[in-house]
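Understanding the architecture of this molecule
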Amino acid sequence: MEYNLDMTRIPRHVAIIMDGNGRWAKERGQIRLQGHLAGMEALCGIVRHSSDIGVEYLTVYAFSTENWKRPADEVSGIFKLLIKFVKRELDELNRNNVRIDILGDWSIIPEDSADSIRLALATTEKNDGLKLNIALNYGGRAEITRAVNMLIDSGKKNVTEEDISACLYTAGMPDPDVIIRTSGESRLSNFLIWQSAYSEIVLTPVYWPDFTPSEYERCLAEYQSRDRRFGGHK
Ligand code: FPP
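What counts and how
- Residues numbered from 1 in each chain as written.
- Predicted model: local features only at pLDDT ≥ 70, side-chain atom pairs only at ≥ 80, totals over all residues.
- Heavy atoms only, no water.
- Helix = DSSP H or I, 4+ residues; strand = E, 2+ residues; numbered from the N terminus.
- Rg over C-alpha atoms; globule rule 2.2 N^0.38 Å.
- Buried < 20%, exposed > 50% of the residue type's maximum accessible area, 1.4 Å probe, protein only.
- Near = heavy atom within 4 Å.
- Polar contact = N/O pair within 3.5 Å; in protein donor to acceptor, adjacent residues only side chain to side chain.
- Axes fitted to C-alpha atoms, helices over the stretch in contact; angles between N-to-C directions.
- Parallel < 35°, antiparallel > 145°, perpendicular 65-115°, else oblique.
- Left-handed = near helix turned anticlockwise from the far one by under 90°.
- Contact = heavy atoms within 4.5 Å.
- Nonpolar A, V, L, I, M, F, W, Y, C, P; charged D, E, K, R; others polar.
- Pairing = 2+ DSSP bridges.
- Core = buried A, V, L, I, M, F, W, Y, C linked by side-chain atoms within 4.5 Å.

**Here we look at the overall build of the chain**
- When helices and strands are counted, the chain shows seven helices and six strands.
- Taken from the N to the C terminus, the helices and strands of the chain come in the order β-α-α-β-α-β-α-β-α-α-β-β-α.
- Relative to the 2.2 N^0.38 estimate, which gives 17 Å for 234 residues, the radius of gyration of the chain is 18 Å and therefore close to what a compact globule would have.
- If one aligns the C-alpha atoms of the chain with their principal axes, the spans along those axes are about 55 × 45 × 35 Å.
- For the chain, with 234 residues in total, the buried portion stands at 48%.

**Brief notes about the site of the ligand**
- What surrounds the ligand is a group of 17 residues, the closest being Asp 19, Gly 22, Arg 23, Arg 32 and Arg 70.
- In the environment of the ligand, an oxygen atom lies 3.1 Å from a nitrogen or oxygen atom belonging to the side chain of Asp 19.
- Between the ligand and Gly 22, the relevant distance is 3.0 Å, taken from an oxygen atom to a main-chain nitrogen or oxygen of the residue.
- Among the secondary structure elements, those contributing two or more residues to the shell around the ligand are helix H1 (21–27), helix H2 (32–53) and helix H3 (72–95).

**Some thoughts on the packing of H3 against helix H4 (residues 111–124)**
- Orientation of H3 relative to H4, taken along the N-to-C sense of each, is 15 degrees, at an axis distance of 9 Å. Comparing their axes, H4 and H3 come out roughly parallel. Remark: the crossing between H3 and H4 carries left-handed chirality. Where H3 abuts H4, its residues Phe 79, Lys 80, Leu 82, Ile 83, Val 86, Leu 90 and Asn 94 lie against Asp 112, Ser 113, Ser 116, Ile 117, Leu 119, Ala 120, Thr 123 and Thr 124.
- Its residues placed into classes, the contact of H3 with H4 shows eight nonpolar, five polar and two charged.

**Looking at the sheet that holds strand E2 (residues 57–64)**
- Spatially, E3-E4-E2-E1-E5-E6 is the arrangement adopted by the six strands of the open sheet, whose pairing is parallel. Each having just a single partner strand, strand E3 (99–103) and strand E6 (200–203) make up the two edges of the open sheet. Ignoring strand direction, the axes of neighbouring strands in this sheet form an average angle of 20 degrees.
- Contacts between H4 and the sheet are confined to E3 and strand E4 (131–138), with E3 contributing the most and set at about 135 degrees to the helix.

**Let's talk about the nonpolar core**
- In this structure, Ile 16, Leu 58, Ile 180 and Tyr 216 are the most contacted members of the largest nonpolar core, which totals 45 residues.
- Among residues more than four places away in sequence, those in contact with Leu 58 are Val 14, Ile 16, Ile 46, Val 47, Ser 50, Leu 130, Lys 131, Leu 132, Asn 133 and Tyr 216.
- Counting residues in each nonpolar core, the second largest holds eleven residues, with Ile 17, Ala 135, Met 173 and Ile 179 among its members.

**Digging into the pairing of strand E1 (residues 13–17)**
- Most of E1 is tucked away, with five of its five residues classed as buried.
- What you see with E1 is no split at all: His 13, Ala 15 and Ile 17 on one side and Val 14 and Ile 16 on the other are buried throughout.
- Sheet topology places E1 next to strand E5 (residues 178–181); four bridges connect them, and they run parallel. Bridge pairing links Val 14 to Val 178 in E5.

**Focus on the environment of Glu 74**
- Structurally, Glu 74 can be placed in helix H3.
- Assessed through its relative accessible area of 6%, Glu 74 is described here as buried.
- Taking the C-alpha atoms as reference points, Glu 74 and Arg 229, 155 residues apart in sequence, are found 41 Å from one another.
- For Glu 74, the contacting residues outside a window of four places in its chain are Arg 32, Leu 33 and His 36.

**Structural notes on the environment of Thr 124**
- For Thr 124, the location among the structural elements is in helix H4.
- Through-space distance from the C-alpha of Thr 124 to that of Cys 167 is 23 Å; in sequence the pair is 43 residues apart.
- Among all residues touching Thr 124, those that are not within four sequence positions of it are Leu 90, Asn 94, Val 98, Arg 99 and Ile 100.
- Polar side-chain contacts of Thr 124 include one of 2.8 Å to the backbone oxygen of Ala 120.

Right under this line is the structure:
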């Protein structure tokens, strides 16, 4: 392996902010949707590689609560890509024992995309390999606000951190060990803001469509080189 990954310390949960599709397309004189299409291809490779190296949870930021501000044709194009992704990849994902989950409020996404999601969830719900979480119409603040309202509705008077964690879309999952952001930006952009309290952040200048399994391994090797203390010290 190129980057000497320590296979005994593969992160359990990797989260990725897949950024730079638009700039990738622009550099090639293509429309933004071409960039998202290339981004979908990159995602397929990273999902496969995550399974291969034994990552347990892979969470990817596909559409944020803020992404509705984009032009309508770009928004509808991204949701169409989701349909294409399911149509083309579901059999292989299922064969590879991948379980698909959605983080976010997908009740308001276009109906044909919601149909694809229902199919993907039902087809893979019994799989116990890689858990692929697709964040769709996801926002960290909206997620925490939803959790607070769930706790108010439950009548709870004394709320613990565990109570809040249990009301997030990620309930029952380990927090991400590492969050990778592509395209040289260094913000969390409302992604997993509760869950990332102790996550390592790894940044790469590579645009998402160019993010190969090899670059993925470089990022994971960088993660493995970090000294995680969780607020304590050695
Ligand atoms: C960020 O790049 C990317 C998105 C908002 C969309 C992510 C979507 C995919 C990777 C493909 C879709 C995959 C599925 C499964 C639906 P950007 O457009 O913000 O890039 P820019 O910052 O260069 O403009």
